[in-house]
Amino acid sequence: MKESVRLQYLAAMGIDVWVPRHQSVREQVSAEVVGCASQTEAYQGDMVEFQTAVTPILASTEVAGDHKHDLTSLTAPARDALAPVTQHAKVYTDDQAWKGLQQQVSLCRACSLCETRTQTVFGVGNKHASWMLIGEAPGRDEDLQGEPFVGRAGQLLNEMIRAIGLQREQVYIANMLKCRPPNNRDPQAGEVEACHEFLTRQIGLIQPKIILAVGRIAAQNLLNTTQPLAKLRGHQHSLENTPLVVVHHPAYLLRSLSEKAKAWEDLQFAWSVYQSLES
Ligand code: SF4
């Protein structure tokens, strides 16, 4: 197990572990297990799993050469045996990060939109999604229900998602802003900036393969440009090192049914970009 992963696992459990370099592998892991068990009752379930995984590894591990005091020198079988623990640690760490982030958003008062919101609208969907859709801000229905893209625009977005062969539950949907601007006015630059960190952290946790910027406002703000939607759609952009494609906003399509063909073009282009990533 890499040192960084090991430390991440322990950090996730809120445990500081100091390990002298002269300790053997067995002593190191045992010390960690004992230390973990004694420091927290809340994570006893995790520790049982950790101990269960570590015990046979200790029995079978061969440590050789100059690295005999270093856990990174575990043999391949030992690393394989530890893989479930590592995976569990990652899931556990991500889960804690999501909870912390959602709580931060719900308490946020970084811009004046906190004064008028009914509630924050964090985001919804698969936290391991390949596709992430980002709109501009909650509207009236979203503000009331606490979920992005509900109501008629949400239903049309669901159809758009189905058009690329997915269900709403398979993607992750969020907005740039987590609070509704009064009367659905456009987000102001200061509000976008104040809320940006939350979106960045969501993207970092999900690590989507492709992002769809839904609508002109989201596209212009995410790409930091004033170019019109017509210029932005049909091209592959990038956000947080992730390919980004611009699509029409479903609310706009509801007002301009003749534009639905363009929406289909957008989705076909997005699908082609996604497929190029897979190949
Ligand atoms: S819009 Fe974002 S930055 Fe402003 S109060 Fe809501 S969560 Fe905080």
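Residues numbered from 1 in each chain as written. Predicted model: local features only at pLDDT ≥ 70, side-chain atom pairs only at ≥ 80, totals over all residues.

### Quick word on the overall build of the protein
Here is step 1 of the chain: The number of helices and strands found in the protein is 11 helices and six strands.
Here is step 2 of the chain: A total of 279 residues make up the protein; the buried ones form 33% of that total. (Helix = DSSP H or I, 4+ residues; strand = E, 2+ residues; numbered from the N terminus. Buried ≥ 20, exposed ≤ 12 C-beta atoms within 10 Å, placed from the backbone.)

### Quick notes on the confidence of the model for the protein
Here is step 1 of the chain: For the protein, mean pLDDT is 82; residues scoring 70 or higher make up 73% of the total.
Here is step 2 of the chain: Between residues 28-40, whose pLDDT stays under 50, and residues either more than four places distant or in other chains, the model counts 23 contacts.
Here is step 3 of the chain: Throughout residues 62-69 the model reports pLDDT below 50, and contacts reaching past four residues in sequence, or to other chains, amount to 11 contacts. (pLDDT = per-residue confidence, 0-100. Contact = placed C-beta atoms within 7 Å.)

### Focus on the nonpolar core
Here is step 1 of the chain: By size, the foremost hydrophobic cluster in this structure holds 43 residues, and its most contacted members are M132, L133, I134, M176, L212 and A213.
Here is step 2 of the chain: It is helix α7 (residues 189-206) that provides the largest number of residues to this core, a total of six residues.
Here is step 3 of the chain: Apart from the residues lying within four places of it in its own chain, the contact partners of M176 are I134, E136, A137, P187, V192, C195, L199, A218, N221 and L222. (Core = buried A, V, L, I, M, F, W, Y, C linked by C-beta atoms within 7 Å.)

### Some words on the pairing of strand β2 (residues 131-135)
Here is step 1 of the chain: Summarising burial for β2: five of the five residues are buried, a large majority.
Here is step 2 of the chain: Along β2, one buried face is formed by W131, L133 and G135 and the opposite face, lined by M132 and I134, is buried too.
Here is step 3 of the chain: Pairing of β2 with strand β4 (residues 210-214), which is carried by four bridges, proceeds in the parallel orientation. Among the inter-strand pairings, W131 is bridged to a residue of β4, identified as I210.
Here is step 4 of the chain: Where β2 meets strand β3 (residues 172-175), four bridges bridge the pair, whose relative direction is parallel. Across the sheet, the residue bridging to I134 is A174, located in β3. (Pairing = 2+ DSSP bridges.)

### Description of unusual backbone geometry
Here is step 1 of the chain: A positive phi angle, close to 55°, is found at N183, a residue other than glycine.
Here is step 2 of the chain: One can find N183 in the loop between β3 and α7.
Here is step 3 of the chain: For N241, which is not glycine, the phi torsion reads 65° and is therefore positive.
Here is step 4 of the chain: The topology assignment puts N241 in the loop between β5 (237-239) and β6 (242-247).

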